[in-house]
Amino acid sequence: MGCWFSKKSKRKSPEKEPTTTVEENTITSSSNANNIALSSNATEDPPKQYSWDKREKVDPKDFMLTGLKDATVGRLPGKLNGQQFVIQDCENCNIFVFDHSATITIDDCTNCCIVMGPVKGSVFFRDCKDIRCVVACQQFRTRDCKKMEVFLCCATQPIIEASTGMKFGCFQYYYPELVFHFKDAGLSIFNNNWSNVHDFTPVSGETNWSLLPEDTVVLDHVPAPDPESEFKSVRVSAEASRSIVPMTKGGRRKDSDESCLFVFFAGDYTTANARKLIDEALGKGFVLVQTKEVSMRPEDITRVFQNNAEGLQEWITKGPVTALELNGDGVVEACKTMSRDMFSGTKVFVSDNRNTSSRDVDNFFNFADMQMGL
């Protein structure tokens, strides 16, 4: 094979200038291609991104209200999306949180009205006084608080500690996104222990909490947003008939000795059917005492439904059951009639007669409370 010389060198012989071989061309082409590829990758490949680089930056100030006075403030739907929220050192404020959140803490607030969308975890009031509020949450607790009026939906037993002048009523509220916020927060509208309050620090001879009168009007205590505020577009209602959570009598004294257990098994229209029954029963003058939504196992069937357990095994595997206690003279026969007329194609359980109906109610709701740790 011939040799290459620089242009300044003299050739040793007048031989014909050699050409490169196929092998040399192949090596050169391959080397050039690799260089081009490396150069291309260096300019075209973006830098590697990690999951934490892609997260939206969160400003803590967007998730707190602090040091406000004489203001109407809060958050519109879609602004929290399940984040935790803090309210502190506010005075004479109207606060509207129209979104679902993880937890909410309220510290050192005085003379405020507060509306909170569904909270997946806990709502904790500390060192607050003269508060009126509407709250839906998994857990509710107060410590070192004075004079609060709470319209509550709570999946567990509400707890007060070192608090006085506490008054509770059933949650009554509506805004268009509320049903979706309940779902996002993992709360059931049928699990509401608003009147089953536990006083962690009772004082002998004194009562630190009581229930608000049944005819209490929510908007007389927690007014709707000012039409001039940024919340004017949120269509709010506090009428019991429109409330997303059924209005229950709770721990108040029953008007009649006759109650009836009415149970819906899981299906596509369970919630709608339960609401339909409630509306019909209330229209007939009966009272809704309590509701529960709870899962059951095959071994629970006989214990809860006893002689009526046959044929229910397959139904409890389809999902949680929804139970209602309705009260009033003649309610058992009325419920049996409504079951036949309104839900003939739906699997339900209804107390058979007034002699056993109280036992049915006790069996089911005692079981439900045990399942929920109440």
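Residues numbered from 1 in each chain as written. Predicted model: local features only at pLDDT ≥ 70, side-chain atom pairs only at ≥ 80, totals over all residues. Heavy atoms only, no water.

### A short note on the packing of aromatic side chains
The test is simple: Aromatic rings from Phe, Tyr and Trp, with only the six-membered ring used for Trp, were paired whenever their centres fell within 6.5 Å, and each pair was classed as stacked if the ring planes differed by under 30 degrees, edge-to-face if by over 60, and tilted otherwise. The helix count covers DSSP runs of H or I at least four residues long, the strand count covers runs of E at least two residues long, and both are numbered beginning at the N terminus. Think of it in three bands: residues with accessible area under 20% of the maximum for their type are buried, residues over 50% are exposed, and the middle band is partly exposed, with areas taken using a 1.4 Å probe on protein chains only. Lysine NZ or arginine CZ positioned within 6 Å of the ring centre and within 35 degrees of the ring normal marks a charge as sitting over the ring.
On inspection of all chains with the given rule, the structure shows 16 aromatic pairs. Taken together, a centroid distance of 6.1 Å and an interplanar angle of 70° make the contact between Phe-262 and Phe-343 edge-to-face. Here Phe-262, found in strand 14 (residues 259-264), pairs with Phe-343, found in the loop between helix 8 (331-342) and strand 17 (348-350); they are 81 residues apart in sequence, far enough to count as distant. There is no split in this pair, since Phe-262 and Phe-343 are both buried. The rings of Phe-265, Phe-305, Phe-349, Phe-364, Phe-365 and Phe-367 are connected pair by pair, giving a single aromatic cluster. Cation over ring: Arg-242 sits above Tyr-174, and NZ or CZ is 4.3 Å from the ring centre. The ring of Trp-315 has Lys-318 sitting right over it, with the charged end atom 5.4 Å from the ring centre.

### Focus on helix 5 (residues 270-283)
Because each turn of an α-helix spans 3.6 residues, side chains separated by three or four positions in sequence point in the same direction. Heads up, the rule is: To estimate the expected span of a helix, count its residues, drop one, and scale the result by 1.5 Å.
With 14 residues, helix 5 should cover 20 Å at 1.5 Å per step; its first-to-last C-alpha distance of 20 Å lies within 8% of that length. Every buried residue of helix 5 is listed here: Thr-270, Asn-273, Ala-274, Arg-275, Leu-277, Ile-278 and Ala-281.

### Focus: the confidence of the model for the protein chain
The cut-off we apply is this: The quantity known as pLDDT measures the predictor's confidence residue by residue, on a range of 0 to 100. Should any heavy atoms of two residues lie within 4.5 Å, those residues are counted as being in contact.
Predicted confidence across the protein chain gives a mean pLDDT of 88, with 84% of residues reaching 70 or more. Here residues 1-29 scores under 50 on pLDDT; set against residues more than four positions off or in separate chains, the count is nine contacts. Scored below 50 in pLDDT, residues 36-40 shows zero contacts in the model against residues more than four places distant or in partner chains.

### Re the state of the cysteines
For clarity, the cut-off: We call a pair of cysteine sulfur atoms a disulfide whenever their separation is within 2.5 Å.
Within this structure, the stated rule accounts for zero disulfides. As a non-bridged cysteine, Cys-90 has Cys-109 as the owner of its nearest cysteine sulfur, 4.6 Å distant. Classification of Cys-90 as buried rests on a relative accessible area of 1%. Here Cys-145 stays free of any disulfide, with the sulfur of Cys-128 as its closest cysteine sulfur at 4.8 Å.

### Focus: the nonpolar core
A general trend in soluble globular proteins is that nonpolar side chains are found buried together. We apply this condition: Take the buried Ala, Val, Leu, Ile, Met, Phe, Trp, Tyr and Cys residues and link them wherever side-chain atoms come within 4.5 Å; each set so joined is a nonpolar core.
Phe-171, Tyr-173 and Phe-182 are the most contacted members of the largest nonpolar core, which totals 44 residues. Broken down by element, this core gets its largest block of residues, five residues, from helix 8. Among the nonpolar cores identified, the runner-up in size contains 36 residues, and Ile-87, Ile-104, Met-116 and Val-119 belong to it.

### Some words on the sheet that holds strand 17
Applicable threshold: Criterion used throughout: strands pair if DSSP finds at least two bridges between them. Fitted lines through C-alpha atoms serve as axes, helices being fitted only where they are in contact, and the angles separating the N-to-C directions of these axes extend from 0 to 180 degrees.
Pairing within the open sheet is antiparallel, and its four strands lie in the order 15-16-14-17. In the strand order of this sheet, the two ends are held by strand 15 (287-294) and strand 17, each with one partner. With strand direction ignored, the average angle separating the axes of adjacent strands in the sheet is 15°. With three bridges joining them, strand 14 and strand 17 adopt antiparallel strand pairing. Residue pairing across strands places Val-263 opposite Phe-349, the latter belonging to strand 17. Those strands touched by helix 9 (residues 354-371) are strand 14, strand 15, strand 16 (321-327) and strand 17, and its axis lies near 45° from that of strand 15.

### Comments concerning a negative patch on the surface
Threshold: For patch detection, residues must exceed 30% relative accessible area and be free of salt bridges, and they are connected within 9 Å for like charges or within 5 Å for nonpolar side chains (Val, Leu, Ile, Met, Phe, Trp, Tyr). Areas reported here follow the Shrake-Rupley algorithm with a probe of radius 1.4 Å; residue values treat only the protein chains shown as occluding. In what follows, salt bridge is the name for a side-chain nitrogen of Lys or Arg lying within 4 Å of a carboxyl oxygen of Asp or Glu. Only four residue types enter the tally: Lys and Arg on the positive side, Asp and Glu on the negative side, with His and both chain ends excluded. By convention, charge coordinates are those of NZ in Lys, CZ in Arg, CG in Asp, or CD in Glu.
Where like charges cluster on the molecular surface, the negative patch consists of Asp-89, Asp-108, Asp-127 and Asp-144. Tracing the chain through its elements places Asp-89 in the loop between strand 3 (85-88) and strand 4 (94-97). Since its relative accessible area comes to 41%, Asp-89 is described here as partly exposed.

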